[in-house]
Amino acid sequence: MPSRTARPVLAAVTAGAAVALGLTGCAAAPDPDTVTVLNSATDTAEHTKNQKFFDRCARPLGLRVEQLSVPADQVSSKALRMASSHSLPDILELDGSELPQFALTGGLRPLDDLGVDTSGFSRSAVSLGSYQGTRYGVARSANSLALYYNPDLLAKAGVEPPRTWAELRTAAHELTGDGTYGLAFSASPDADGVYQFLPFFWSSGGDEARLGDGGGAKALGLWKQLVADRSVSKAVVNWNQQDVNDQFVAGRAAMMINGPWQVPVLDAQKKTRWAVATIPVPEAGGTAVAPIGGTVMTVPKSDTPERERNAAKILDCLNTPRNQLAWGKATNNVPTRTTAARSYAEQSPKLAPFTELVATARSRTARVGTRWPAVGDALAGAFQSVLTGRSSPEAALRRAEQQASTGK
């Protein structure tokens, strides 16, 4: 999934790969005036947008930028292969959830060592690009999840956008009928489902470092109730986030949990009206805690300090408030500098709820670091077992704790 959402992460970095990442170099890019970037911008439109911003920053410096774009789920393996052949790029753009795996190898240069300006970023953005307190990556924009709804369907049913879990259950029930479910979300047993479960899990006090303490049982109970109410289709256990959007566009869901990466598709639908609200919370007055998603740009260690300095200059330019705002508006993502985020909310009011959510969002790896892949798999097993009637919420989380700890 492009820099819009959670991506599959590395299950582990083998010892051999860890050593390989430390053996850096840029033998494949000998031109000292060319900055190479490895990213996942395989979509032609995204690749072109990226190049426009890279060129804007590189030309005044007498530099040029070349992108090597591969599918998102291949970035990590591609980077490790390049490391083993001493041909790492000057800038490596990773999903935020993958950064700890690479920082652990010692092959990334701390941004402070390069003099990259890391001031004025939101706390969530700092967390996304950090590992064990050291800033290795910078995100020029970020995303999260929100509640999309069809205002026509809500108006017809006399329903307001729900703000609490109780209101969500009531609204979803009232909106269900005539071939339309009240709500759709992804509960697939992978990164998509886990990403969508986290706002409910965290907002109810769930702790990914202590799955067995029962803090997230209420979130599992809510999902179970929504399916039992028949306000949510049983098929959510198989739906990824694109499937959820397809249901909404087709009019088979009045509300959905999804991210800003769906905006281009939604805007292209002439018959589908949509609006965005923050994700409902357990009780009135609570704060929604959603996952922060997106990519971070890192600088692999190089045998040529000049290459690292050039990469740092590009990162500084890309992350000025002006460029972040322009990039955020081009991609429907929220700038990570707080001043740019405020401007974004003012200039893109339809997506303003995402700005609020990103401000309080959390990194998936902030508490568990390189253990996140195991934790994510365990959470997926928990909500799958609950939604398919194989386990109670409490038992599912106890089982998840064991799975995350032992891998069994």
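Use the structure listed above.
Please read all numbers here as calculations on a predicted model, not as lab measurements. (Residues numbered from 1 in each chain as written. Predicted model: local features only at pLDDT ≥ 70, side-chain atom pairs only at ≥ 80, totals over all residues. Heavy atoms only, no water.)

Colleague: I'm lost on the sheet that holds strand β2 (residues 64-69) in this one. Help?
Modeller: Note: strands within a sheet are paired through backbone hydrogen bonds, in either parallel or antiparallel orientation. Read from one edge of the open sheet, five strands run β2-β1-β3-β12-β6, paired in mixed fashion. Strand pairing shows two members of the sheet lacking a second neighbour, β2 and β6 (137-138), which therefore form its edges. Strand direction decides the pairing type here: strand β3 (residues 91-95) and strand β12 (residues 295-298), joined by four bridges, are antiparallel. Bridging from a neighbouring strand, L94 pairs with V296 of β12. Sheet strands in contact with helix α3 (residues 75-84) are β1 (34-39), β2 and β3, and its direction is about 135° off that of β1. Lying on the sheet, helix α12 (residues 305-318) is in contact with β1, β2, β3, β6 and β12; it crosses β1 at an angle near 65°. (Pairing = 2+ DSSP bridges. Helix = DSSP H or I, 4+ residues; strand = E, 2+ residues; numbered from the N terminus. Contact = heavy atoms within 4.5 Å. Axes fitted to C-alpha atoms, helices over the stretch in contact; angles between N-to-C directions.)

Colleague: Can you walk me through the environment of N150 in this structure?
Modeller: Here N150 is to be found in the loop between β8 (146-149) and α6 (151-157). With a relative accessible area of 12%, N150 lands in the buried category. Remark: the alpha-carbon pair of N150 and T339, spanning 189 residues in sequence, is separated by 31 Å. What N150 contacts, discounting residues up to four positions off in sequence, is F248, A254 and R273. For N150, the side chain forms a polar contact with the main-chain nitrogen of D152, separated by 2.9 Å. (Buried < 20%, exposed > 50% of the residue type's maximum accessible area, 1.4 Å probe, protein only. Polar contact = N/O pair within 3.5 Å; in protein donor to acceptor, adjacent residues only side chain to side chain.)

Colleague: Mind showing me how you'd approach the sheet that holds strand β11 (residues 275-277) here?
Modeller: The strand order across the open sheet formed by four strands is β9-β10-β8-β11, and the pairing between neighbours is mixed. Of all strands in the sheet, those bounded by a partner on one side alone are β9 (181-184) and β11. Along the sheet, successive strands turn relative to each other by an average axial angle of 25°, direction set aside. Helix α10 (residues 241-249) rests against β8, β9 and β10 (253-258) of the sheet, and its axis sits at about 155° to β10.

Colleague: Just to check I follow, could you spell out the packing of helix α7 (residues 165-175) against helix α9 (residues 217-228) for this structure?
Modeller: Angle between the axes and distance between the axes: these two values describe a pair of packed helices. Running from amino to carboxyl end, α7 crosses α9 at an angle of 10°, the nearest separation of the two axes being 11 Å. What the angle tells us is that α7 and α9 run roughly parallel. The handedness of the crossing between α7 and α9 is right-handed. For the pair α7 and α9, contact is made by W165, L168, R169 and A172 and by K218, A219, L222, Q225 and L226, respectively. Within the contact of α7 with α9, the residues separate by chemical class into six nonpolar, one polar and two charged. (Parallel < 35°, antiparallel > 145°, perpendicular 65-115°, else oblique. Left-handed = near helix turned anticlockwise from the far one by under 90°. Nonpolar A, V, L, I, M, F, W, Y, C, P; charged D, E, K, R; others polar.)

Colleague: Quick question: what am I supposed to make of unusual backbone geometry here?
Modeller: The phi torsion of most residues other than glycine is negative, and most of the peptide bonds are trans. Its identity is not glycine, yet Q132 carries a phi of approximately 50°, on the positive side. Relative to the helices and strands, Q132 resides in the loop between β4 (130-131) and β5 (134-135). A relative accessible area of 69% means that Q132 is categorised as exposed. We note that D178 has phi near 55°; this positive angle belongs to a residue other than glycine. Here D178 shows up in the loop between α7 and β9. Judged by relative accessible area, D178 falls into the exposed class, the value being 83%.

Colleague: Please clarify how the packing of aromatic side chains should be interpreted in this entry.
Modeller: Ring pairs (aromatic) are described by centroid distance and by the angle formed between their planes. In this structure the tally under the stated criterion is 11 aromatic pairs. Here the aromatic residues W165, F185, F197, F200, F201, W223 and F383 are joined through ring pairs into a cluster of three or more. Against the face of W202 rests R362, its NZ or CZ located 4.3 Å from the ring centre. (Phe/Tyr/Trp six-rings, centres within 6.5 Å; stacked < 30°, edge-to-face > 60°. Lys NZ or Arg CZ within 6 Å of the ring centre and 35° of its normal.)

Colleague: I would appreciate a short explanation of the state of the cysteines in the present structure.
Modeller: Here, the word disulfide means a covalent bond between the sulfur atoms of two cysteines. In total, this model carries one disulfide according to the counting rule given. There is a disulfide in this structure between C57 and C317, and the S-S distance comes to 2.1 Å. Torsion about the S-S bond of the C57 and C317 cystine: about -80°, corresponding to left-handed handedness. Of this pair, C57 sits in helix α2 (residues 44-58) while C317 sits in helix α12, and the two are 260 residues apart along the sequence. Given the relative accessible area of 2%, C57 is considered buried. (Disulfide = S-S within 2.5 Å.)

Colleague: Looking at this model, I keep getting lost on helix α13 (residues 321-331). Mind explaining?
Modeller: Because an α-helix completes one turn every 3.6 residues, residues spaced three or four positions apart along the sequence face the same direction. Of all the residues in α13, the buried ones are N323, Q324, L325, W327, G328 and T331. Buried residues belonging to α13 abut α2, β7 (141-142), α12, β13 (334-335) and α14 (338-347). Phi for N332, located one or two positions after α13, is positive at around 65°.

Colleague: Looking at this model, I keep getting lost on the environment of T34. Mind explaining?
Modeller: By secondary structure assignment, the location of T34 is in strand β1. Classification of T34 as buried rests on a relative accessible area of 5%. Spatially, the C-alpha atom of T34 lies 8.8 Å from that of N310, the residues being 276 residues apart in sequence. For T34, the residues in contact, after removing those within four places along its chain, are R64, E66, D90 and R307. Here D31 takes part through its side chain, which lies 2.8 Å from a polar atom of the side chain of T34.

Colleague: Would you take a moment to explain the side chain of S188 for this structure?
Modeller: Inspection of the secondary structure puts S188 in the loop between β9 and α8 (191-203). Engagement of the side chain of S188 in a polar contact is seen with the side chain of S186, the distance being 3.2 Å. Within the structure, the side chain of S188 is placed 3.4 Å from the backbone nitrogen of G193, a separation counted as a polar contact. Sequence-distant contacts of S188, that is, excluding residues within four places in its chain, are made with G193, V194, V236, V237, N238, W239, N240, F383 and Q384.

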